[in-house]
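Each chain is listed here by its residues.
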Amino acid sequence: MSQRSQIQAETARINGARSHGPKSIEGRTKVGMNAVRTGIRARRVLLPTESVESYADEAKTWVESLCPETDAETEVVLDIVDARVCLGRLELAEKRRLEAALREAMEVKTEVKRLHSIDQAIAGLDAMKKTVEAMSAKKISNLGGFISAAEKVVEMAKAAEDLDITLVPGLDALGKAMVQLGALAEDSSPDDLFRSLAGLAHLVEEELHRRRDRDLVTVRNIETELAREAVPRSDPDSRRLDLYRRQLDRRLEALFDRLEALRRLRPTSSGSFDRPVEVHLRRAPAPAPANLACQ
């Protein structure tokens, strides 16, 4: 190791020894969330991205539904709410993984590429029509700027057409009309040509809308097929999420069983329990019976 490298290593060691992380509570809280991915196994009840109001609404709904009457029952109900929050995080993680996998698989599909091109062309054609319809003056002060923008719209429509096997009616005529408009002088009054442009733009836009509706149906069918294999069940993340789900299901089942057990232990109106309850006591040093029945 060179002398310079030794000095750099020693400097890094000294600086690292001085660093003990953030000092403030806010900084430590933020750093403490660095390793959080899904939050399913987080110790915190709520993550920074989650709403306290939503949690309170969820808790209110479950309390009103399960009607706890004692502090112990209320604690169990709140544990159920916490488990439901974790289950919601898991479902969100699964949804995001599926969406990411679908996006990656769909990006290469011609129908998806064509949809993007069609959406851009439709937006441009709509803006072109509005511009033409708003031109009430006989002379156009910025004809060159309008022509430049309109030519880009025509190119976008042609790009969408290139991804299909059929021609778009009126698109070729719209391109020729743009050439004619470019040949006019700045002080001319091309009213007839503008009306023709508006009609051709409307014709092209209608055809692109029809193609968009057709492609939307195709894309949805493709998504349905890909969703079945986009995230393999053998994938490590899928296995981990499945394990978390089984753990949460067992936890919820145990909590509901505990709540039911607490309800059976509620005192009657006379102050006694509905049935005998075994109480395990530990006394020292004299031995005592292991089980005492309380009536």
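So, how was this worked out
- Every chain is numbered independently, its residues counted from 1 as its sequence is written.
- Reporting of local features is limited, given that this is a predicted model, to residues whose pLDDT is at least 70; pairs of side-chain atoms are given and counted only at 80 or more, and all residues count toward the totals for whole chains, interfaces and linings.
- No hydrogens and no water enter the side-chain calculation; it runs on all heavy atoms of the structure.
- Definition used in this section: a nonpolar core is a set of buried Ala, Val, Leu, Ile, Met, Phe, Trp, Tyr and Cys residues joined via side-chain atoms within 4.5 Å.
- Any residue under 20% of the maximum accessible area for its type is buried, any over 50% is exposed, and the rest in between are partly exposed; the area is computed with a 1.4 Å probe on protein chains only.
- To qualify as a helix, a DSSP run of H or I must reach at least 4 residues; to qualify as a strand, a run of E must reach at least 2; elements of each kind are numbered from the N terminus.
- A patch consists of residues exposed above 30% relative accessible area that lack any salt bridge, with like charges linked at up to 9 Å and nonpolar side chains (Val, Leu, Ile, Met, Phe, Trp, Tyr) linked at up to 5 Å.
- To measure how exposed things are, a 1.4 Å probe is used in the Shrake-Rupley method; for residues, cover is taken only from the protein chains shown.
- Any Lys or Arg side-chain nitrogen found within 4 Å of a carboxyl oxygen on Asp or Glu counts as a salt bridge.
- Under the convention used here, Asp and Glu are negative, Lys and Arg are positive, and both His and the chain ends fall outside the count.
- Here the site of a charge means NZ on Lys, CZ on Arg, CG on Asp, or CD on Glu.
- Contacts are assigned to residue pairs that have any heavy atoms within 4.5 Å of one another.
- Under this scheme, a helix contributes an axis fitted over its contacting stretch, all axes are lines through C-alpha atoms, and angles between N-to-C directions fall in the 0 to 180 degree range.
- Angular relationships are summarised with four words: roughly parallel below 35 degrees, roughly antiparallel beyond 145, roughly perpendicular across 65 to 115, and oblique for the angles in between.
- Here a crossing is called left-handed whenever its near helix is offset anticlockwise from the far helix by less than a right angle, and right-handed whenever the offset is clockwise.
- The length a helix should cover is 1.5 Å for every residue beyond the first.
- Think of the arc as the fan of directions from the helix axis to the C-beta atoms.

**Quick look at the nonpolar core**
Side chains of a nonpolar character, in soluble globular proteins, are inclined to be buried together.
Link 1 in the chain: Grouped together as the largest cluster of nonpolar side chains are 28 residues, with contacts concentrated most on Met128, Phe146, Leu174, Leu181, Leu197, Val204 and Leu208.
Link 2 in the chain: Of all the elements in the fold, those that place two or more residues in this core are helix H5 (110–134), helix H6 (143–162), helix H7 (171–182) and helix H8 (191–227).
Link 3 in the chain: Counting 20 residues, the second-largest nonpolar core is a separate cluster that includes Val81, Ala83, Tyr244 and Leu255.

**Examining the environment of Ser238**
Link 1 in the chain: With respect to the helices, strands and loops of the structure, Ser238 is situated in helix H9 (residues 236–264).
Link 2 in the chain: Ser238 gets classed as buried once you look at its relative accessible area, which sits at 4%.
Link 3 in the chain: A sequence separation of 141 residues divides Ser238 from Arg97, and the C-alpha atoms of the two residues are 9.1 Å apart.

**Considerations on a negative patch on the surface**
Link 1 in the chain: A surface patch of like charges, here negative, comprises Asp249, Glu253, Asp257 and Glu260.
Link 2 in the chain: With respect to the helices and strands, the residue Glu260 is situated in helix H9.

**Details of the environment of Leu241**
Link 1 in the chain: By the secondary structure assignment, Leu241 is in helix H9.
Link 2 in the chain: Given a relative accessible area of 6%, Leu241 falls into the buried group.
Link 3 in the chain: For Leu241 and Glu94, which are 147 residues apart along the polypeptide, the C-alpha to C-alpha distance reads 7.6 Å.

**Some details on the side chain of Asp82**
Link 1 in the chain: Tracing the sequence through the fold places Asp82 in helix H4 (residues 71–106).
Link 2 in the chain: One buried charge, Asp82, has no salt-bridge partner; the nearest side chain with opposite charge is Arg251, at 5.1 Å.
Link 3 in the chain: Leave out the neighbours within four places in its chain, and Asp82 touches Val45, Tyr55 and Arg251.

**Focus: the packing of helix H3 (residues 52–66) against H4**
Link 1 in the chain: H4 packs onto H3 with a crossing angle of 130° between their chain directions and a minimal axis gap of 9 Å. Taken together, H3 and H4 sit at an angle that is classed as oblique. Where H3 crosses over H4, the two elements pack in a sense that is right-handed. In this structure, H3 uses Tyr55, Glu58, Ala59, Trp62, Val63 and Leu66 to contact H4, whose residues at the interface are Val77, Leu78, Ile80, Val81, Asp82, Arg84 and Val85.

**Structural notes on H6**
Link 1 in the chain: Between its first and last C-alpha atoms H6 spans 28 Å; for 20 residues at 1.5 Å apiece the expected length is 28 Å, and the two agree.
Link 2 in the chain: For H6, the complete set of buried residues consists of Leu143, Phe146, Ile147, Ala150, Val153, Val154, Ala157, Ala160 and Glu161. Looking straight down H6, one finds its buried side chains confined to an arc of 135°; they lie on one side. Residues of H6 that are exposed and point over 90 degrees away from its buried face: Lys152 and Asp162.

Fair warning: the whole summary comes from geometry, so function is off the table for now.
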